[in-house]
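Residue strings, one per chain:
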Amino acid sequence: MAKDLTSRNEDYAKWYNELVIKSGLADYSAVRGCMVIKPYGYSIWEEMKQYLDRRFKETGHQNAAFPLLIPKSFFAKEAKHVEGFAKECAVVTHYRLKESPDGEGLIVDPDAKLEEELIVRPTSETIIWNTYKDWIQSYRDLPLLINQWANVVRWEMRTRLFLRTAEFFWQEGHTAHENKTEAVQESRMILDLYADFMEKIMAVPVIKGVKTESERFAGAEDTFTVEALMQDGKALQMGTSHFLGQNFARAFDVKYLSKEGKEEYVWATSWGVSTRMMGALVMVHGDDNGLIVPPKLAPIHVVMVPIYRKEEQLAQIREVADKLKKELDAMGIVMKFDDRDNYRPGWKFNEYELQGVPLRIAIGPRDLENESVELARRDTLEKTTVALAGLSTRIQTLLEEIQMNMFEKARAFREKNTHYADSYEEFREIIKNKGGFVYAHWDGSAETEEKIKQETKASIRCIPLEGEKEEGICMISGKPSKQRVIFARAY
RNA sequence: CGGGGUAUAGCUCAGUCCGGUUAGAGCGCACGUCUGGGGGGCGUGAGGCCGGCAGUUCGAAUCUGCCUACCCCGACCA
């Protein structure tokens, strides 16, 4: 089996890093904290983008592109927003280089200092709202529903491939609305869209919820989140959707004239998911043999590995492959026929397992004779011999089954690792020894939240939106609580 | 930003403590050959300013000092 891969039990963090690199998703780059997304990794990201982009458009959004660089003064306009991002900004101060006087390389030309420094965007609210001011005059201009696919930079102290990189790729939606109800609805609708994507396409079960005040996005009135559980018992925030109230409208003076002829500030949302989801994909589905990509995200659904000695045999196999490929094409299933002769079958088996291709077909002289193939599932590692007749239909069914099985497996894992704690002792014991999600009562105060975080490293992931709301008392203060909230250690 | 670690072939690493001819291994790569149903065997070959700068010495991958970069673990954060 994948000989060189560290097992999850041995060292989960090491397993993750190795898997990302060895499966060809990404690699470290020459730039600190920034990664190279390799073709295979990028093709999965493209699948994610493609699906989400279609859904955004179906729900009335349009794509646009705003500048990478933002004038420093823009950040000062929304107080909480600056506070949240100031510590991790890359700043452009000059616009020219010149040869150094000693002739050894280049230096920044001191004469080329910018009047006003530019910030490499950590997020685009400010530049976008500055622009919206010019786009919005009347209630007829609303709602304004814009999305941007972009890269952003946040100068993180400590980075991890996909999970926290200094530069990352994402989409950020920025919408403007006439009233609060509509804006809240928008942010909730996007939250549902995200959750739907994660569960149906990524096969990652998520919990929808709202963030506590201290975990809220800088400048938001409410941050909605989708949270997932990784195999090491830690939580990962998969995406967020913010109700921004009128904060940015006020900061950038974006007003519209209502039907009644009254001047009003608009209401805003912003929402985003990033390449971080790639990390979730690895950590939720991967096993000790490598990645497992759910069929609905897989750039390649089926790979066929020919086994042969003589050229005539390969020619015969190729005939079968071509025919099957054509059938699968018509079904929207992508098959790769790997006839490279510099790698041997066993090597290819391992390689595709590492990459997580959902289905593998091995076909050799033996199979040709019996008019069958060997079909292997990546999720269960199960191998069966199946007839050539009706193979494409069989594949189609199997892919659906794999998709479902992966989701069910992840959900079962999450359920097994979801606990309820009624006392703080119980809570600490679970967080320390078992990990996972812990439902517990909390009095709603930031102090209690902080105390728990300090003492256990577990944070409130969210106040869940769904499920029954059971009243109780806070496990720390004994004060009343309207419902349990979800705690976990998180990435 | 604290703590730890690493830097030698494309990759993973030995060699450094105890300085001494020509710096090694495995994998990968190239060519040949036998092969081919779970990372093949054999043979031949290419590939190195031993992270940088300075010092000690007849002599430095090895000792000393300074620097740089990256990784891991924490704190902070999506």
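Above this note sits the structure.
Residues numbered from 1 in each chain as written. Chains lettered and ligands numbered in written order. Predicted model: local features only at pLDDT ≥ 70, side-chain atom pairs only at ≥ 80, totals over all residues. Heavy atoms only, no water.

A. A look at the overall build of chain A. Each helix and strand counted, chain A has 14 helices and 27 strands in total. A compact globule built from 491 residues should have a C-alpha radius of gyration of about 23 Å, and chain A, at 26 Å, falls within 12% of that. If one aligns the C-alpha atoms of chain A with their principal axes, the spans along those axes are about 80 × 70 × 55 Å. Out of the 491 residues belonging to chain A, those deemed buried represent 53%. Relative to all contacts within chain A whose residues are 6 or more apart in sequence, the contacts with residues 24 or more apart total 68%. Only carbon and sulfur atoms are counted for the fraction: they give 48% of the accessible area of chain A, which is about 23400 Å². (Helix = DSSP H or I, 4+ residues; strand = E, 2+ residues; numbered from the N terminus. Rg over C-alpha atoms; globule rule 2.2 N^0.38 Å. Buried < 20%, exposed > 50% of the residue type's maximum accessible area, 1.4 Å probe, protein only. Contact = heavy atoms within 4.5 Å. Areas by Shrake-Rupley, 256 points an atom, 1.4 Å probe, with all protein chains shown as cover.)

B. Representation of the protein's contact with RNA strand B. Within the structure, RNA strand B sits among 41 residues, and R158, R164, T165, Q237 and D367 are positioned closest to it. One nitrogen or oxygen atom from the side chain of K383 is found 2.9 Å from a base nitrogen belonging to RNA strand B. If you list the elements that add at least two residues to the surface near RNA strand B, you get α1 (12–22), α10 (345–355), β19 (359–363) and α11 (365–370). (Near = heavy atom within 4 Å. Polar contact = N/O pair within 3.5 Å; in protein donor to acceptor, adjacent residues only side chain to side chain.)

C. Structural view of a nonpolar patch on the surface. Nonpolar side chains collect at one region of the surface, where L97, L106 and V108 lie side by side and expose about 310 Å² of accessible area between them. Here L97 is to be found in strand β6 (residues 97–99). According to the relative accessible area criterion, L97 is exposed, its value standing at 54%. (Patch = residues over 30% accessible without salt bridge, like charges linked within 9 Å, V, L, I, M, F, W, Y side chains within 5 Å. Salt bridge = Lys/Arg side-chain N within 4 Å of Asp/Glu carboxyl O.)

D. Quick peek at the sheet that holds strand β8 (residues 113–120). Here we have 3 strands laid out as an open sheet, ordered β4-β8-β5, and antiparallel in their pairing. The sheet terminates laterally at β4 (69–71) and β5 (91–94), the two strands that pair on one side only. Recorded for the sheet is a direction-independent mean angle of 40 degrees between the axes of neighbouring strands. As defined by bridge partners, β4 adjoins β8 across 3 bridges and the pair is classed as antiparallel. Bridge pairing links I70 to I119 in β8. (Pairing = 2+ DSSP bridges. Axes fitted to C-alpha atoms, helices over the stretch in contact; angles between N-to-C directions.)

E. Just the pairing of strand β13 (residues 235–245), in detail. With 10 of 11 residues buried, β13 lies mostly within the body of the structure. Sheet topology note: the strand β12 (residues 222–229)/β13 ladder contains 8 bridges and is antiparallel. Within β13, the position partnered with T223 by the bridge is H242. Here β12 hands over to β13 after 5 residues, with G233 in that stretch at a positive phi of 85 degrees.

F. Quick peek at the pattern of salt bridges. This structure, assessed with the given rule, holds 29 salt bridges. A salt bridge links D253 to K133, with the nearest nitrogen and oxygen atoms 3.3 Å apart. Taken together, the positions of D253 in the loop between α7 (247–251) and β14 (255–257) and K133 in helix α5 (residues 125–135) put the pair 120 residues apart, joining distant regions of the chain. For K133, a relative accessible area of 35% translates into the label partly exposed. Note that E263 and K255 form a salt bridge whose closest N and O atoms lie 3.7 Å from each other. Residue classification places E263 among the exposed positions, given a relative accessible area of 55%. Of the residues examined, K255 reaches a relative accessible area of 28% and is grouped as partly exposed. Several salt bridges share partner residues, and in doing so they unite R54, R55, E58, D196 and K200 into one network.

G. The arrangement of the nonpolar core in detail. If you look at the biggest cluster of nonpolar residues, it comprises 76 residues, and the most contacted ones within it are I44, M48, M198, M202, M238, F427 and F487. Per element, the largest residue contribution to this core is 9 residues, and it comes from helix α6 (residues 180–201). Sequence-distant contacts of I44, that is, excluding residues within four places in its chain, are made with L25, M278, L281, L291, V293, L297 and P299. Judged by nonpolar contacts, the second largest core, of 27 residues, contains F66, I128, L144 and V266. (Core = buried A, V, L, I, M, F, W, Y, C linked by side-chain atoms within 4.5 Å.)

H. The environment of N370, seen in detail. In this fold, N370 is placed in helix α11. Relative accessible area serves as the criterion here: at 53%, N370 is assigned to the exposed category.

I. Highlighting the sheet that holds strand β17 (residues 302–306). What the 5 strands build is an open sheet, ordered β18-β17-β19-β20-β21; its pairing is mixed. Each of the sheet's edge strands pairs with one partner strand only, and the pair in question is β18 (335–337) and β21 (383–387). When strand polarity is set aside, the average angle formed by the axes of neighbouring strands in this sheet is 25 degrees. In terms of strand pairing, β17 meets β19 through 5 bridges, oriented parallel. Bridging from a neighbouring strand, V303 pairs with R360 of β19. Docked against the sheet, helix α9 (residues 311–331) engages β17, β18 and β19, running at close to 165 degrees with respect to β18.

J. Layout of α6. Relative to the 32 Å expected for 22 residues at 1.5 Å per residue, α6 spans 31 Å between its end C-alpha atoms, a close match to the ideal helical length. For α6, every residue scored as buried is listed here: A183, E186, S187, I190, L191, L193, Y194, A195, F197, M198 and I201. At the exit of α6 stands A203, carrying a positive phi of roughly 60 degrees. (Expected span 1.5 Å × (residues − 1).)

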